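As a plain string of letters, each chain reads:
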Amino acid sequence: MKMLLDLELRQFVNYMKLTLRSPKRLIPALLMLAYILWFFQMGMLGSREFRELPRGVPAAGLAVPDFVWPLVWAGVFGLLTLVLVYRLLRAFSQSLIVFGLAEIDFLFPVPISCRLIMLFKLLKLYVTVAAFATFFLIFYWLMFGAFAGSSGGGPSLLAAWAAVTLYAVLVINVCTTVNLVATFRAGGRWWLAWAVRLAAVAIVIFSVVGVLVGYQRSGDIAASLTHTLRHPVLTTLVLPVKWTTDLVTSPFAGWKPGFGYEFAALFALAGASLALTLSRKENPYEPSLNISVRHAMYRLAFCTWDFSKLRAEAWKNRRKAGGVRTWISPFGRGAVAVFWKNSNISVRTSGTVIVLILLLAVLLLIGLRVAFTHTAIPPREAGIIAALALLYVMWLFLLFSLRSLRLDVKQANILKPMPIRAWKLMLAETLSGTTPYSLFVWLAVALVGATFGLSGSPLVPAAFVLPLLAHACISLQLAVGIIYRDVGDKAQQLIAGALGMSAALLAIGLPLAVAIILHALGLGFVLPAIAASCIAIAISAAGIALGAEVYKRHDPTDE
Amino acid sequence: MLVIEGLTKYYGQTLAVDGMSFEVNDGEILGLLGPNGAGKTTILRSVAGIVRPNAGRILVNGYDLAANEQRAKRSLAFVPETPNPYEMLTVYEHLRFIAMAYDTLDKFDDRASALLDRFDLAEKRNHLVLTLSKGMKQKLAAACAFIHDARVLLLDEPLIGIDPKGAHELKDMMVASKEAGCSILVSTHMLDTAERLCDRILIIDRGRKVAEGTLEELHGRAHMGEDATLEDVFLKLTEDSAADENAAGS
């Protein structure tokens, strides 16, 4: 244990030293610290405001209506139950304990008992949970301290903190045990796995049905919710959740004599569950092997904001499962083939498709909202709102397309030797980003048109202008994308982001400003749209020419 | 000495290693060859105690890995295929951690300095592992394997990514360990290296043993002349094995 502590301590000290020496790490750390301080400052402000409130309910200390506390209890109970159900269902496929790749390579083979390593890993997880609980305890103490104090809440607050920690310990232990058993006995005792799954699902179904039936009878959603979640069947099924909820809400709802026993029982259960986990004979390392690789991939993806590998992995897994077929075959020559390849990747890796579907759903919602109120909003104004919504959507698309562009340029050692003229390649790269957005705009305009009609609506000219604006925007960012192509380098990320944003503002802002001025001069929608389109085309041409020149001089091996 | 008897390993429903048995004698280097997905890494990970076999027995220096895990592991050293050392430790701290884990801190500084010199890592001694290149990480993993007195060395593709000098040093150290009586099991795709370095070769495919023996014995098994290289023999034997498997399947 001493050696493992030494390992952790050395890593922590080195991490702190590295953070202090590197501005790249120090600045985000300081920002995070400032955010935490602000968070606590808000808590203190909240505390002052609460102190000035009249004391209406002496027993609880807070001046809140009577119906609030049962609702708070139900909310906490529901949340804790959901955590338990979700973690239990996930435990069959994923362990809560994730060993790092370094631990697999260098800790697992050394002669240290795997029980000890497991215990150390569990303790680390408990400490993390306790730290989070402490963070919120301090915040709530700052915020509600005066009131909790008036109801003898000091000890209650500590009990609440301990209860949350013990509950988390219990969930961690139970889920780790379930994961160990499920990993090694997938074939045997299948009924046990199904029993746990069914119990978890039954809790959710019981709660939902109970609330719905109660609401139908009484017409009071709050009453039916509290009644269902306090039902003896449910509270008995998840007794530790009830104990935790009682203790967590005790600082504000008041301490009752039975809570001491509940605390003791929760403590005993947490200890027993740890003993159960450590008594398992299965190899605790094995469930972690694949997860650790995936975990490392996720970490890298979030650090670099490059999700292509994750998407490719997901695609591979789906193909293995036989869920998706490769249905787009290669097409075209030269730059057209590059464009087709990019489109193919977008469809295959599904990221763009998901974004498309989500955005379509948002737009449909906006459309429905307008449909419900279209008697109040004239079609012209509805069209302007929809056009602005589409402009906003463009921003979201640009985030993805610029990233794809930079990742593609990173493969320049493959692209550059190809007999394709630089400007054609740049055009293909730009069109790869513009095409999904253009299709989306046209689909959205068609949907809105089918619902409301497009006569006199600014959406028709917008359907032409917006894709051209997106094209101009991406074109102008080509040079930035080529020069600062490394998505893994945070400094390059920062510069590319700032320059890209400026380029995008210029590409969108200039044509739009001209269009708005012309529209304000009473020229309607069509003429300003034509002017904006012309400017966008000119910007696109300039962007592609600039991008092509930079690309010609760019050395793909110079990293 | 390393003895493996009837090693079987399933990942879920997938059979990765099927009843594998072989031995690595004291003072011997056994080359483990096989196509991708043949089960080489699973065998090495099973011996290293990272994964637990579903059946079979592993004896490391006379100790049963299942019954006496810590004693067995004390005699082992493992170099993983793509090492991921602790990034927030310095090179020196990493070596020290491994030495502590094996409880061999006696004369640690001397041994660590010698190893760092041999692998050209002396300058990086106080640098964080985070700052090392892929090849340097591979060298560090190799240095970790030699920091304690292992009697059984397991090396999974140890030469991939290492510069020629580092590779030369590592091969020298493997030979020196062999001469000192260590048993070495090395998995590799570099057939020319295996040909020169290994005393015996074990070829596996789809989790099963295809052939085992000295290069001469493998020539005989493949019905090939002595002028045939290990590459020729390997290709012939794995193709024959695949054909047999397909014939049995149909």
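Just so you know, these numbers come straight off a predicted model, no measurement behind them.

K.L.:
Give me the lowdown on the overall build of chain B, citing residues and values where you can.
P.N.:
In terms of helices and strands, chain B carries nine helices and ten strands. The burial tally for chain B puts 48% of its 250 residues in the buried class. In chain B, of all internal contacts separated by at least 6 residues, the share reaching a separation of at least 24 is 69%.

K.L.:
Can you tell me about the overall build of chain A, naming the residues and giving the values?
P.N.:
Across its full length, chain A holds 21 helices and zero strands. A burial count over chain A gives 33% of its 559 residues as buried. For chain A, the proportion of contacts with a sequence separation of at least 24, taken over those separated by at least 6, is 79%.

K.L.:
Can you lay out the sheet that holds strand E1 (residues 2-11) of chain B for me, pointing to particular residues and giving the numbers?
P.N.:
Residues and elements named next belong to chain B. Spatial ordering of the open sheet is given by E2-E1-E4-E5, a layout of four strands whose pairing is antiparallel. Taken across any chain shown, the strands that pair with only one partner, and hence form the sheet edges, are strand E2 (14-24) and strand E5 (63-64). Inspection of the sheet shows E1 paired to E2 by seven bridges, in the antiparallel sense. What sits directly across from Ile4, in E2, is Phe22. Together, E1, E2 and strand E4 (55-60) form the strand contacts of helix H1 (residues 40-48), whose direction differs from that of E1 by roughly 115°.

K.L.:
An account of the pairing of strand E7 (residues 152-156) of chain B is requested, with residue identities and associated values reported.
P.N.:
On a regular strand, one side chain projects to one face of the sheet and the next to the other, so that they alternate. Residue and element names in this part refer to chain B. For E7, the buried fraction is high: five of the five residues fall into the buried class. On E7, burial covers both faces: Val152, Leu154 and Asp156 on one face and Leu153 and Leu155 on the other are all buried. Bridge count between strand E6 (residues 76-79) and E7: four bridges; the pairing is parallel. Bridge pairing in E7 places Ala77 opposite Leu153. Judged from the five bridges that link them, E7 and strand E8 (residues 183-187) form a sheet pairing that is parallel. From the neighbouring strand, Asp156 faces E8, where its bridge partner is Ser187. Once you follow E7 into helix H6 (residues 164-179) and on to E8, the crossover reads as right-handed.

K.L.:
Provide a residue-level description of the pairing of E8 of chain B, including the pertinent values.
P.N.:
All names here are of chain B. With respect to burial, E8 is a largely interior element, five of its five residues being buried. Residues Ser183, Leu185 and Ser187 line one face of E8 and the alternating positions Ile184 and Val186 line the opposite face, and both faces are buried. Bridge count for strand E3 (residues 28-33) against E8 is five bridges, and the pairing is parallel. Directly across from Ile29, in E8, lies its bridge partner Ile184.

K.L.:
Residues and numbers for the interface of chain B and chain A, please.
P.N.:
Facing the 26 residues of chain B at the interface are 22 residues of chain A. Of all the secondary-structure elements, those providing two or more residues to the side of chain B that touches chain A are helix H2 (69-74), E6 and helix H3 (91-101) of chain B. For the side of chain B that touches chain A, the element with the highest residue contribution is H3 of chain B, accounting for five residues. Counted by class, the side of chain B that touches chain A contains 18 nonpolar, four polar and four charged residues.

K.L.:
Help me get a handle on the nonpolar core, residues and values and all.
P.N.:
If you look at the biggest cluster of nonpolar residues, it comprises 132 residues, and the most contacted ones within it are Ala143, Ala145 and Leu154 of chain B. If you tally residues by element for this core, the top one is helix H6 (residues 153-184) of chain A, at 17 residues. When residues no more than four places from it in sequence are discounted, the contact partners of Leu154 of chain B are Leu44, Val47, Ala48, Leu76, Ala77, Phe78 and Leu185 of chain B. Counting 52 residues, the second-largest nonpolar core is a separate cluster that includes Val445, Leu468, Ile482 and Ile535 of chain A.

K.L.:
For unusual backbone geometry, give the residues involved together with the corresponding values.
P.N.:
The backbone of Asp103 of chain B sits at a positive phi, close to 55°, despite the residue not being glycine. The residue Asp103 of chain B is located in the loop between H3 and helix H4 (108-118) in this model.

K.L.:
Summarise the packing of helix H3 (residues 68-91) of chain A against helix H8 (residues 221-229) of chain A; cite the residues concerned and give the values.
P.N.:
Residue and element names in this part refer to chain A. Remark: H3 packs on H8, axes separated minimally by 9 Å, with the N-to-C direction vectors making an angle of 55°. Relative to H8, H3 is oriented oblique. The element H3 and its partner H8 pack so that their crossing is left-handed. Residues Pro70, Leu71, Ala74, Phe77 and Gly78 of H3 pack against Ala222, Leu225, Thr226 and Leu229 of H8.

K.L.:
Tell me what's going on with the sheet that holds E7 of chain B, and back it up with residues and numbers.
P.N.:
Residue and element names in this part refer to chain B. The six strands are arranged E6-E7-E8-E3-E9-E10 in an open sheet whose pairing can be described as mixed. Two strands close off the open sheet at either side, each with one partner strand: E6 and strand E10 (208-213). Neighbour-to-neighbour, the strand axes of this sheet turn through a mean angle of 15°, independent of strand direction. Judged from the five bridges that link them, strand E9 (residues 200-205) and E10 form a sheet pairing that is antiparallel. By the bridge assignment, Leu202 is partnered in E10 with Glu212. Against the sheet, helix H5 (residues 134-146) touches E6 and E7, its axis set at about 175° to E6.

K.L.:
Outline the environment of Leu505 of chain A, listing residues and values.
P.N.:
Residues and elements named next belong to chain A. Relative to the helices and strands, Leu505 resides in helix H20 (residues 490-520). Judged by the 12 C-beta atoms lying within 10 Å of it, Leu505 falls in the exposed class. Sequence-wise, Leu505 and Cys473 are 32 residues apart; in three dimensions their C-alpha atoms are separated by 8.0 Å.

K.L.:
Account for the confidence of the model for chain B, with residues named and values stated.
P.N.:
When pLDDT is averaged along chain B, the result is 88, and 99% of the positions lie at 70 or above. Confidence metrics for the complex model read pTM 0.67 and ipTM 0.87.

K.L.:
An account of H5 of chain B is needed here, citing residue identities and associated values.
P.N.:
In this model, H5 of chain B (13 residues) spans 19 Å end to end at C-alpha, consistent with the 18 Å of a helix rising 1.5 Å per residue. In terms of residue burial, H5 of chain B counts as a mostly covered element, since eleven of its 13 residues are buried. Buried residues of H5 of chain B: Met136, Lys137, Gln138, Lys139, Leu140, Ala141, Ala142, Ala143, Cys144, Ala145 and Phe146 of chain B, and no others. Summarising the contacts, the buried residues of H5 of chain B are in contact with helix H4 (101-107) of chain A together with E6, H3, H4, E7 and H6 of chain B.

K.L.:
Describe the environment of Ser21 of chain B, and please don't skip the residues or the numbers.
P.N.:
Residues and elements named next belong to chain B. Counting through the fold element by element, Ser21 comes out in strand E2. The spacing of Ser21 and Val3 is 18 residues in sequence and 7.7 Å in space, taken between C-alpha atoms. Apart from residues lying up to four places away in sequence, Ser21 is in contact with Ile4, Glu5 and Gly6.

K.L.:
Any chance you could break down the packing of H3 of chain B against H5 of chain B for me, citing the residues and the numbers?
P.N.:
Residues and elements named next belong to chain B. The geometry of H3 relative to H5 is characterised by a closest axis approach of 9 Å and an angle of 35° between their N-to-C directions. Two packed elements cross with a definite hand, and for H3 against H5 that hand is right-handed. Of H5, the residues touching H3 (which contributes Val91, His94, Leu95 and Ile98) are Leu140, Ala143 and Cys144. Looking at the contact of H3 with H5, its residues break down into six nonpolar, one polar and no charged.

K.L.:
How would you summarise helix H10 (residues 239-253) of chain A if you had to cite specific residues and measurements?
P.N.:
It helps to recall that an α-helix has 3.6 residues per turn; residues three or four apart then point in one direction. All names here are of chain A. A maximum bend of about 25° is found in H10 at Leu247, where proline Pro251 lies one to four positions downstream. The element H10 is extensively covered by neighbouring structure, given that 14 of its 15 residues are classed as buried. Of the residues flanking the end of H10, it is Gly254, one or two places downstream, whose phi is positive at about 105°.

K.L.:
Outline the confidence of the model for chain A, supporting the account with residue identities and numerical values.
P.N.:
Residue and element names in this part refer to chain A. Put simply, chain A has an average pLDDT of 76, and 72% of its residues get 70 or more. Confidence over residues 55-61 falls short of pLDDT 50; this stretch has 17 contacts with residues more than four positions distant or in other chains. Predicted confidence for residues 148-152 stays below pLDDT 50, and this span has 13 contacts to residues more than four positions away or in other chains.

K.L.:
I'd love a proper account of the environment of Asp105 of chain A, names of residues and values included.
P.N.:
Inspection of the secondary structure puts Asp105 of chain A in helix H4. Given 25 C-beta atoms within a 10 Å radius, Asp105 of chain A is considered buried. Excluding residues within four positions of it along the chain, Asp105 of chain A makes contact with Pro80, Pro83 and Asn84 of chain B.

Rules and cut-offs
Residues numbered from 1 in each chain as written. Chains lettered and ligands numbered in written order. Predicted model: local features only at pLDDT ≥ 70, side-chain atom pairs only at ≥ 80, totals over all residues. Helix = DSSP H or I, 4+ residues; strand = E, 2+ residues; numbered from the N terminus. Buried ≥ 20, exposed ≤ 12 C-beta atoms within 10 Å, placed from the backbone. Contact = placed C-beta atoms within 7 Å. Pairing = 2+ DSSP bridges. Axes fitted to C-alpha atoms, helices over the stretch in contact; angles between N-to-C directions. Right-handed = clockwise from strand over helix to strand, strands pointing away. Nonpolar A, V, L, I, M, F, W, Y, C, P; charged D, E, K, R; others polar. Core = buried A, V, L, I, M, F, W, Y, C linked by C-beta atoms within 7 Å. Parallel < 35°, antiparallel > 145°, perpendicular 65-115°, else oblique. Left-handed = near helix turned anticlockwise from the far one by under 90°. pLDDT = per-residue confidence, 0-100. Expected span 1.5 Å × (residues − 1). Bend = angle between axes of the 7 residues up to and from the residue.

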